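Each chain is listed here by its residues.
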Amino acid sequence: MVATDGIGVLLRAIREDAGRTRDEQAKLVQQAQNGRWFDWENIKRWELEKRLPVPDWHETIARAYGLSATQVQRAVAASRQHRRSRRREKEDVDRRKFFGVAAIAASATALPGIAQAREGIDGALTGDGAGDLAYLESAFERHRGGYHGRAPDDVLCEMQADLDLLGQVLNQPHPAGARADLARTAAGIAGLVAIVQHDRGDKKDAFRWFATAQKAARESGDRKMTAWVLARHAMVPLNYGAPEVAVRIAAQARRAAGRTPTAAGALAAAVTARSLAAIGDHQGARMAVTDVRELVERLDGQETADTWFGYPGQKHFVHLSQAYTLLGDTEAAYAAQDDALDLTDSPSVMTRALIAMDTATCLRLGGDPSSSAEMAAGIFDRLPAPYRDGLIRSRAAALHQTLGGRPRDLLGQALA
């Protein structure tokens, strides 16, 4: 059911009042974008609200339909609000909004003190220390919530004192039970640092911190923590050009997660789907997509929390967007992108940019490399300088490699 005041009803009413078929309307859209090829199926998707027009289409739609850009934006907003209302009626769990920011410097170097802190923690994990966990556990809870508008470097700086304290406490003797709890906390905090380093583009240090986190998780004996660390670890090779390595690490994560529905298990299945799709195993990827969908239906409580340890709806659809894009299933990818954006009300720079890069890739897959390059270049040009490296640059560079001729040159100029 579409929104009565949404974009679908608006576009269909204008087209039918003018007595035009969808194919005829598509030709007008093509004219509005200076003759570039346009797939008429997009008219159907927009009218049925199977896919909502992304911002890059608003001006073109306005010209082709005799509207103002503001009218288009308002109608799209109404459609998104309608989707949210329908979702809230069906869902039992309240989804908090994700506040994320993006990564800096693909060639970034580790901040002063960060590498030394990891070495201190890593070296202490084989000992039998002890300590008061109260503060460190609270620090773990405080840091696990995500960026919340902070830059990655700022997050690492805020964690520095806690990392130093963690290394000291790990070197103190304590009973076996407390040691296991401390190792679990160490695994979580080390994993958080690894995530930030991944986002910054410091791949080498991200691998090191994940190795430390895995060591701590195994020492703790917590399979759920081990599965989470492995699933997050798999995203480093996945996002930076080594999907076969990601497949192996994600498989370890799924074994550690077992059959109990957890956020870690869902993330591991999602990363498996993306990794298998990236290496061309489409059958395996689709089986993993089915697995993650079934797991998501069984998650509740803290497993769906909007933190780095949860698997909320928005994160689910972002992963599905990438999986379907890699599978070449553009219709399913577009739908996942719309769902992800519906759950991304906050100005999440990284999330929105990654979704838009998937959309640009889908345009190329649909036979429109010029629009793909223009959209990707526009995304990159509009990003604030600190957000143009790391994960977003990696995704844009991957698209650049698939383009040729003028589209390749256009995106290349943006990445230069």
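In what follows, the structure referred to is the one given above.
The text that follows walks through the structure, step by step, so that each part is easy to find.

What counts, and at which threshold
- Residues numbered from 1 in each chain as written.
- Predicted model: local features only at pLDDT ≥ 70, side-chain atom pairs only at ≥ 80, totals over all residues.
- Heavy atoms only, no water.
- Helix = DSSP H or I, 4+ residues; strand = E, 2+ residues; numbered from the N terminus.
- Expected span 1.5 Å × (residues − 1).
- Buried < 20%, exposed > 50% of the residue type's maximum accessible area, 1.4 Å probe, protein only.
- Contact = heavy atoms within 4.5 Å.
- Phe/Tyr/Trp six-rings, centres within 6.5 Å; stacked < 30°, edge-to-face > 60°.
- Lys NZ or Arg CZ within 6 Å of the ring centre and 35° of its normal.
- Salt bridge = Lys/Arg side-chain N within 4 Å of Asp/Glu carboxyl O.

1. Things to note about helix α18 (residues 369–382)
For α18, with 14 residues, the first-to-last C-alpha span of 20 Å sits near the 20 Å given by 1.5 Å per residue. Burial in α18 covers these residues: S371, S372, A373, M375, A376, A377, G378, I379 and F380. The inward-facing, buried residues of α18 abut α4 (55–65), α17 (349–365), α19 (391–402) and α20 (405–415).

2. Focus: the packing of aromatic side chains
Applying the stated criterion across every chain, the model contains three aromatic pairs. Arranged with centres 5.2 Å apart and planes meeting at 80°, the rings of F140 and F309 form a pair that is edge-to-face. One end of the pair, F140, is in helix α7 (residues 134–143); the other, F309, is in the loop between α14 (282–298) and α15 (313–327), and 169 residues separate them in sequence. Both residues of the pair, F140 and F309, count as buried. Residues W228 and F309 carry aromatic rings whose centres are separated by 3.7 Å and whose planes lie at 15° to one another, so their mutual orientation is stacked. Placement of the pair is W228 in helix α11 (residues 223–239) and F309 in the loop between α14 and α15, with a sequence separation of 81 residues. Assigned by exposure class, W228 and F309 land together as buried. A network of ring pairs unites the aromatic residues F140, W228 and F309 as a single cluster. Seen from the ring of F309, R144 lies directly overhead, with NZ or CZ sitting 4.5 Å from the centre. Residue placement shows K203 over the ring face of Y240; its charged tip is 5.0 Å from the ring centre.

3. Digging into the pattern of salt bridges
Once their charged atoms are close, side chains differing in charge can pair, the charge on each being opposite to the other. Under the definition given, this model contains 15 salt bridges. Taking the shortest distance from any N to any O, the salt bridge between R22 and E47 comes out at 3.0 Å. Of this pair, R22 sits in helix α2 (residues 22–32) while E47 sits in helix α3 (residues 41–48), placing them 25 residues apart in sequence. E47 sits in the buried class, given a relative accessible area of 4%. In this structure, R395 engages D358 in a salt bridge whose closest nitrogen and oxygen atoms are separated by 3.4 Å. Separated by 37 residues along the polypeptide, R395 in helix α19 and D358 in helix α17 bring together distant segments of the chain. Both residues of the pair, R395 and D358, count as buried. Members of the salt-bridge network, linked through shared partners, are R12, R15, E16, R22 and E47.

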